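Examination of the molecular architecture
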Amino acid sequence: MVYSIDEAARLVIETGHKLILEGLIARTWGNISARVSGETFLITPSGRAYDTLTPEDLVVVRIRDCSYEGSITPSSEKGVHAAVYRLRPDADFVIHAHSSNASSISILQEDIKLTRLESDLPGGVIPTAGYAMTSTDKLVRNVTSSLKKHPKAKAMLLPYHGTLCFGGSCEEALAVTRSLEKTAGLIFERRTGDKIRPYSLKNNTVYKGCFGGKNNETHVIQVKTPFVMEMSLRGKDLPIFIEDMAQMVGPVIRCKDPMGRKKFIIPRSARGRRSATLVKGEGAFVTAPDREEAEAIAILLEKQCQAADLGLKKGIRALASGQAALEHHIYVTKYSKQKDQNDA
């Protein structure tokens, strides 16, 4: 159904809250939209947290050319949403999420055939678009190609990135998103032989003090979630398998040996900036200028380590270091500054 502007705004904001509560999106990652006419859709803005969005923050975008009016910048993935609305006249609600299980299996970079016993996802397949860097024209072209190849599918994987799900209503798009994450968990366990263990980030140790002085504050969280612990036990540096992780911390996660110390000492190079460091047998320490960002990196790190578990076991290539470094540079110079401006 095509929504009115007011109804679309209400549903987009409510859906954002639901996805956060269910752990399917975090912070400002992912995006949500609803069709509001044959020519336009309403989408979440770029770089703004879902829990503070208001109807005035949402942006009307033209399907034909992704143009828009006003001073608020729409999601950088607006082109992907427009591709869905162009090619699927029956699609009126789109969710792009970065959920852990689906993001992890996206690195397989293959169309995954399903049986009715495995999943109720439409089309009997989970298509995967060809890899392209986030927010690029190439990604839009790859999504468009996959949509044409699988006309019955309503869920898609974006390699090293996340998911694209849609339906004729908000309720259907949500149901597809949830079903994809559940199905992805089963596929992950079958491919790796590892069980996905429940965890709570509340079990992490938060160092409430700040290090580095008034103008160089560093908030620190020790992360001991299941896949983070597993990767720390390897005692080796970890390549990047998730684009979000590259954006936040760069092309590699170093692993340090505690060398018998009872307490890990934060590297001087990590103070006052976003960083993640594995410590052999001790999990990881993440740092950021504020607690919100430190918690966001902790969430990403467990997802990154889950994807790495699959990638390392199956010999899947991680993101190229140059690619990961570029992602980090773009994030630091564009999106993090945009977030700071939004928070001001």
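1. Concerning the overall build of the protein
Along the backbone of the protein there are nine helices and 14 strands. Scored against the burial criterion, the 344 residues of the protein give a buried share of 56%. Contacts in the protein between residues at least 24 apart in sequence constitute 66% of all its contacts with a sequence separation of at least 6. About 15300 Å² of surface is accessible on the protein, with carbon and sulfur atoms providing 51% of the total.

2. Quick look at the packing of helix H5 (residues 170-192) against helix H8 (residues 291-314)
Remark: H5 packs on H8, axes separated minimally by 10 Å, with the N-to-C direction vectors making an angle of 40°. As for the relative orientation of H5 and H8, their crossing is left-handed in sense. Two secondary-structure elements touch here, H5 through Phe188, Arg191 and Thr192 and H8 through Gln306, Asp309, Leu310, Lys313 and Lys314. Class assignment of the residues belonging to the contact of H5 with H8 gives a composition of two nonpolar, two polar and four charged.

3. As for the side chain of Arg35
Note on placement: Arg35 falls in strand S1 (residues 31-35). A distance of 3.1 Å separates a polar side-chain atom of Arg35 from the backbone oxygen of Arg88. Dropping the residues within four chain positions of it, Arg35 is found in contact with Val2, Tyr3, Thr40, Phe41, Ile63, Tyr85, Arg88, Pro89, Ala91 and Asp92.

4. Focus: the sheet that holds strand S8 (residues 162-167)
If you walk across this open sheet you meet the six strands as S3-S2-S1-S4-S8-S7, and the pairing is antiparallel. Of all the strands in the sheet, the pair left with one neighbour each is strand S3 (59-62) and strand S7 (155-158). On average, adjacent strands in this sheet sit at an angle of 20° to one another, irrespective of strand direction. Pairing geometry for strand S4 (residues 93-96) and S8, over three bridges, is antiparallel. Pairing of Val94 across the sheet is with Phe166, part of S8. In the packing of helix H1 (residues 5-21) onto the sheet, the strands contacted are S1, strand S2 (40-43), S3 and S4, and the crossing angle to S1 comes to about 155°.

5. Some remarks on the nonpolar core
Ile105, Met245, Ile253 and Leu301 are the most contacted members of the largest nonpolar core, which has 54 residues in total. Residue contacts for Leu301: discarding those within four places in its chain leaves Val228, Met245, Ile253, Ala276, Ala284 and Val286. Residues Cys66, Ala82, Ala83 and Tyr85 belong to the second largest nonpolar core, which totals 24 residues.

6. Focus: the pairing of S7
Alternating residues of S7 divide into Ala155 and Leu157 and Met156 and Leu158, and every residue in both groups is buried. Sheet analysis places S7 next to S8, joined by four bridges and oriented antiparallel. Residue pairing in the sheet places Ala155 in a bridge with Cys165 of S8.

7. Details of the packing of aromatic side chains
In this description, an aromatic ring pair is defined by two values, namely the gap between the centres and the angle between the planes. Scanning the entire structure with this criterion turns up four aromatic pairs. With 6.3 Å between their ring centres and 80° between their planes, Tyr3 and Phe93 make a pair best called edge-to-face. One end of the pair, Tyr3, is in the segment before H1; the other, Phe93, is in strand S4, and 90 residues separate them in sequence. Exposure remark for Phe93: the relative accessible area of 0% places this residue in the buried category. For the pair Phe41 and Tyr85, a centre-to-centre distance of 5.0 Å together with 35° between the ring planes defines the contact as tilted. One end of the pair, Phe41, is in strand S2; the other, Tyr85, is in helix H2 (residues 78-87), and 44 residues separate them in sequence. Its relative accessible area of 0% is what places Phe41 among the buried residues. Across the ring face of Phe227, the terminal group of Arg197 is positioned such that the distance to the ring centre comes to 5.7 Å.

8. A word on the pairing of S4
Regular strands place their side chains on alternate faces of the sheet. Alternating positions in S4 separate into two faces, Phe93 and Ile95 on one and Val94 and His96 on the other, with burial throughout. Sheet topology places S1 next to S4; four bridges connect them, and they run antiparallel. Its bridge partner being in S4, Ser33 is matched across the sheet by Val94.

9. Section: helix H4 (residues 137-149)
The end-to-end C-alpha distance of H4, which contains 13 residues, comes to 18 Å, matching closely the 18 Å that a straight helix rising 1.5 Å per residue would cover. Taken together, the buried positions of H4 are Leu139, Val140, Asn142, Val143, Thr144, Ser146 and Leu147. Contacts made by the buried residues of H4 are with H2, S7 and S8.

Scoring rules and cut-offs
Residues numbered from 1 in each chain as written. Predicted model: local features only at pLDDT ≥ 70, side-chain atom pairs only at ≥ 80, totals over all residues. Heavy atoms only, no water. Helix = DSSP H or I, 4+ residues; strand = E, 2+ residues; numbered from the N terminus. Buried < 20%, exposed > 50% of the residue type's maximum accessible area, 1.4 Å probe, protein only. Contact = heavy atoms within 4.5 Å. Areas by Shrake-Rupley, 256 points an atom, 1.4 Å probe, with all protein chains shown as cover. Axes fitted to C-alpha atoms, helices over the stretch in contact; angles between N-to-C directions. Left-handed = near helix turned anticlockwise from the far one by under 90°. Nonpolar A, V, L, I, M, F, W, Y, C, P; charged D, E, K, R; others polar. Polar contact = N/O pair within 3.5 Å; in protein donor to acceptor, adjacent residues only side chain to side chain. Pairing = 2+ DSSP bridges. Core = buried A, V, L, I, M, F, W, Y, C linked by side-chain atoms within 4.5 Å. Phe/Tyr/Trp six-rings, centres within 6.5 Å; stacked < 30°, edge-to-face > 60°. Lys NZ or Arg CZ within 6 Å of the ring centre and 35° of its normal. Expected span 1.5 Å × (residues − 1).

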